[in-house]
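# Overview (structure and organization)
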Amino acid sequence: YDLNSTEEERDSIRQQKQKEYENLRRQCREIHRRNENGSDSKQTAQSSNTEDSQVLDSHDIEQVSSSTRSIQVEESEKLNSESIRQDGDCEKSGVTSEDDANDSDSTNSEETETSPLLAEEEAERHGKVNQEKDTQSPSSKPKFQAEEEFNTIWQRIIRLDAVRANDEWVPYSPSQAGVSDTKARGIATQVGLTDYEDLEPCRILHAARLVAILEAYAVYDPEIGYCQGMSDLLSPILAVIEDDAFAFWCFVGFMSKARHNFRLDEVGIRRQLSMVSKIIKYKDIRLYRHLENLEAEDCFFVYRMVVVMFRRELTFEQTLCLWEVMWADQAAIRTGIAKATWGRIRLRAPPTEDLLLYAIAASVLQRRKTIIEKYSGMDEIMKECNSMAGRLDVWKLLDDAHDLVVNLHDKI
Amino acid sequence: MGSSSGQPEFDYLFKVLLIGDSGVGKSSLLLSFTSNTFDDLSPTIGVDFKVKYLTIGEKKLKLAIWDTAGQERFRTLTSSYYRGAQGIIMVYDVTRRETFTNLSDIWAKEIDLYSTNQDCIKMLVGNKVDKESERAVSKKEGIDFARVYGCLFLECSAKTRVNVEQCFEELVLKILETPSLTAEGSSGGKKNIFKQNPAHTSNASSSYCCSS
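All values derive from a computational prediction rather than experimental measurement.

Rules of the game
- Residues numbered from 1 in each chain as written.
- Chains lettered and ligands numbered in written order.
- Predicted model: local features only at pLDDT ≥ 70, side-chain atom pairs only at ≥ 80, totals over all residues.
- Heavy atoms only, no water.
- Helix = DSSP H or I, 4+ residues; strand = E, 2+ residues; numbered from the N terminus.
- Buried < 20%, exposed > 50% of the residue type's maximum accessible area, 1.4 Å probe, protein only.
- Contact = heavy atoms within 4.5 Å.
- Areas by Shrake-Rupley, 256 points an atom, 1.4 Å probe, with all protein chains shown as cover.
- Disulfide = S-S within 2.5 Å.
- Pairing = 2+ DSSP bridges.
- Right-handed = clockwise from strand over helix to strand, strands pointing away.
- Axes fitted to C-alpha atoms, helices over the stretch in contact; angles between N-to-C directions.
- Parallel < 35°, antiparallel > 145°, perpendicular 65-115°, else oblique.
- Salt bridge = Lys/Arg side-chain N within 4 Å of Asp/Glu carboxyl O.
- Patch = residues over 30% accessible without salt bridge, like charges linked within 9 Å, V, L, I, M, F, W, Y side chains within 5 Å.
- Lys, Arg positive; Asp, Glu negative; His and termini not counted.
- Charge placed at Lys NZ, Arg CZ, Asp CG, Glu CD.
- Buried area = accessible area lost by both parts, 1.4 Å probe.
- Nonpolar A, V, L, I, M, F, W, Y, C, P; charged D, E, K, R; others polar.

What follows covers the overall build of chain B. The helix and strand inventory of chain B stands at 7 helices and 6 strands. When its helices and strands are written in sequence order, chain B yields β-α-β-β-α-β-α-β-α-β-α-α-α. Expressed as a percentage of the 212 residues in chain B, the buried residues total 56%. Counting only contacts in chain B whose residues sit at least 6 apart along the sequence, the fraction spanning at least 24 positions is 75%. About 8,900 Å² of surface is accessible on chain B, with carbon and sulfur atoms providing 49% of the total.

Residue and element names in this part refer to chain A. Scanning the entire structure with this criterion turns up 0 disulfides over all chains. Not part of a disulfide, C28 finds its nearest cysteine sulfur in C227, a span of 17 Å. The buried category is assigned to C227, whose relative accessible area is 1%.

All names here are of chain B. Most of strand β5 (residues 121–127) sits inside the fold, with 6 of its 7 residues counted as buried. As paired elements, strand β4 (residues 87–93) and β5 share 7 bridges and run parallel to each other. Within β5, the position partnered with D93 by the bridge is N127. Between the parallel pair β4 and β5, the chain is carried across by helix α3 (residues 97–114), and the sense of this crossover is right-handed. In the sheet, β5 pairs with strand β6 (residues 152–155) via 4 bridges, with the strands oriented parallel. Counterpart to V125 in the pairing with β6 is L154.

Turning our eyes to something else, we now look at the pairing of strand β2 (residues 47–56) of chain B. All names here are of chain B. Of the strand pairs in this sheet, β2 and strand β3 (residues 59–68) are connected by 10 bridges, and their pairing is antiparallel. Within β3, the residue paired with F49 across the bridge is W66. Between the end of β2 and the start of β3, which pair antiparallel, lie 2 residues, with G57 showing a positive phi angle near 65°.

A separate point is the packing of helix α1 (residues 7–37) of chain A against helix α8 (residues 201–220) of chain A. All names here are of chain A. The geometry of α1 relative to α8 is characterised by a closest axis approach of 9 Å and an angle of 95° between their N-to-C directions. Taken together, the axis directions place α1 and α8 in an arrangement best described as roughly perpendicular. In this structure, α1 contributes Y21, L24, R25, Q27, C28 and I31 to the contact, and α8 contributes V211, A212, I213, E215, A216, V219 and Y220.

The next point concerns the pattern of salt bridges. Across all of its chains, the model carries 32 salt bridges over all chains by this definition. The salt bridge partner of B:E155 is B:R135, with a shortest N-O separation of 2.8 Å. Taken together, the residues span a long stretch of sequence, with B:E155 in strand β6 and B:R135 in the loop between β5 and α4 (139–149) at a distance of 20 residues. The exposure class assigned to B:R135 is partly exposed, which follows from its relative accessible area of 24%. Linked through salt bridges whose partners overlap, the residues forming this network are A:R156, B:D93, B:R96, B:E98 and B:K128.

This part covers a negative patch on the surface. Residues and elements named next belong to chain A. A surface patch of like charges, here negative, comprises D2, E7, E8, E9 and D11. By the element assignment, E8 lies in helix α1. Exposure remark for E8: the relative accessible area of 60% places this residue in the exposed category.

Turning to the sheet that holds β2(B), a few remarks are in order. All names here are of chain B. Read across the open sheet, the 6 strands follow the order β2-β3-β1-β4-β5-β6; overall the sheet is mixed. Edge positions in the sheet fall to β2 and β6, since each has one partner strand and no second. Across the sheet, the axes of successive neighbouring strands diverge by a mean angle of 25°, strand direction being ignored. Relative to β3, strand β1 (residues 12–19) is paired through 7 bridges, and the arrangement is parallel. Opposite L18, over in β3, you have D67 as the bridge partner. Helix-sheet contacts for α3 involve β1, β4 and β5, and the interaxial angle to β4 is about 160°. Against the sheet, helix α5 (residues 164–177) contacts β1, β2, β3, β4, β5 and β6, and its axis sits at roughly 170° relative to β5.

Residues and elements named next belong to chain A. The backbone phi angle of E295 is positive, close to 55°, even though this residue is not glycine. Of note, E295 is situated in the loop between α12 (285–293) and α13 (303–308). Non-glycine residue F310 carries a positive phi angle of around 70°. Overall, the relative accessible area of 0% leaves F310 in the buried class.

What follows covers the interface of chain A and chain B. Interface size is commonly expressed as the accessible surface area that is lost when the partners come together. Listed as interface residues are 31 residues of chain A and, on the opposing side, 28 residues of chain B. Of the roughly 2,900 Å² buried between chain A and chain B, counting both surfaces, carbon and sulfur atoms make up 52%. Looking only at chain A, the three residues that lose the most surface to chain B are A:R164, A:Q228 and A:D379, adding up to 21% of its buried area. Inspection of the chain A/chain B interface yields 2 salt bridges. A salt bridge links A:R156 to B:E98, with the shortest nitrogen-to-oxygen separation between them at 3.4 Å. Elements supplying a minimum of two residues to the side of chain A that touches chain B: α5 (130–164), α13 and α18 (378–386) of chain A. For the side of chain A that touches chain B, a count of residues per class yields 15 nonpolar, 4 polar and 12 charged.

Laid out in structure tokens, this is it:
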């Protein structure tokens, strides 16, 4: 929101964003339904009519439940600085004119892409032009199939990963942890999640919400779609924000930067890794030379840390802490706090877009002695990095990262 | 000294790679093998790496096992890990047919493209046999596939640990039977400089080939 916005303006933005999200969810359901129908989709107009009304019903339910949830969120917001900051974070990115343009661009392209499908659905819904449809479908089918193939792959992996999401968040969201079995299963059914075996209700709920939002994101950002690791990034957001639409737009804000790590061409991730490499090189040439000798100076051993932003290495609480400091830095940059201001406060680290990368470099540098003295292969370093889980002190990490920023931000 | 300090010395170091679709249980299989536990694990991001020491016959082996992410998105990254592998395990889920068909459509081609070891031993593993009622790929299909692609074959369950150790052991036995691979494993790797008794190793390797 704009800082000077009125309550009505904020409400209307919120409603509009809610609608956009509902729209994305509807597209997901339609894609999912078409997949499920598959080849035996040649049903009578009547049966597709009843099915449609069912879908609409569940859609209404989803809307109602999420609007009641949003009230809860508003209350908890006052208490919960975390969600406020996240709100500010994602709303800001949504409100700046540049991002707005992007948003509307992508939604527009979405609409044009899916509009033939929607049109077909509409026609089926009315059940009047069945014969015409049948004659049309052979020519239009291949294109749809290609699209659907993508969607089925994403949808399948999303469900797979959602069910595998860990339950570290549970103590931090008692209201979601205490969800009833019936309600959790109901919500899972709405998103077409069935294969959850014997999970506890709260994990079913969490998995269902992951599916709903990740699918919506895949439709919203088809270039990225879904990539493993994204569920790690979304899971903590879901724990703090109980409203799906809200959580979705926060995720979009989060992904506006993180999405580059998931690009197929690996340009984003490679840039990040080379930045970590550079930080190590400037800070500790001896360690860097050692890495060079092991042909590990590309820093691929921190790949996972970059992609899921320390989520696997830190506990739930530590992760939120690190991410918030990271977001605070990025927010400070967006609000235009100039470097000059920091220049006057000597010895303090200026805000940086890349705090995460400094933190990653710091975690490697903390182990420099072991790496130099004991490790003689990239595999051993990777093993060390992938087993940092539970052994990191997030405050020490941030202190070290800030020291690196102070020393190096001019050089890099 | 290296990481082998404090660890038992070893006669051979073999590099093994796990590949296959997302969610077939590669990481679970590895965990089941290396630490005798089972867990529903988070998806692997990029690659992970584990070490297991084995003793087969009189030979002490160090297995460096690379566990790769299944999603297509990570394939450019994981492709570089095929280099120098002496063994590749292709995993599918016996309850999900597409994970089996993708082995011939996708994964076997990846091996052809990226594996640098001509004699590299391949192994086909059908995981999740504990879900017998949901089985979608028959054992015979697995056997046929293995015959066509010239690889070993086993069905296992990371959950019940049925056949888990056998998967790795059979693979290793086959590697030990292949002179070009044992030569690499005992002298090609960087680690061999840490070996205490190289003479003993070369002796043993030839005798082992005969005995197996």
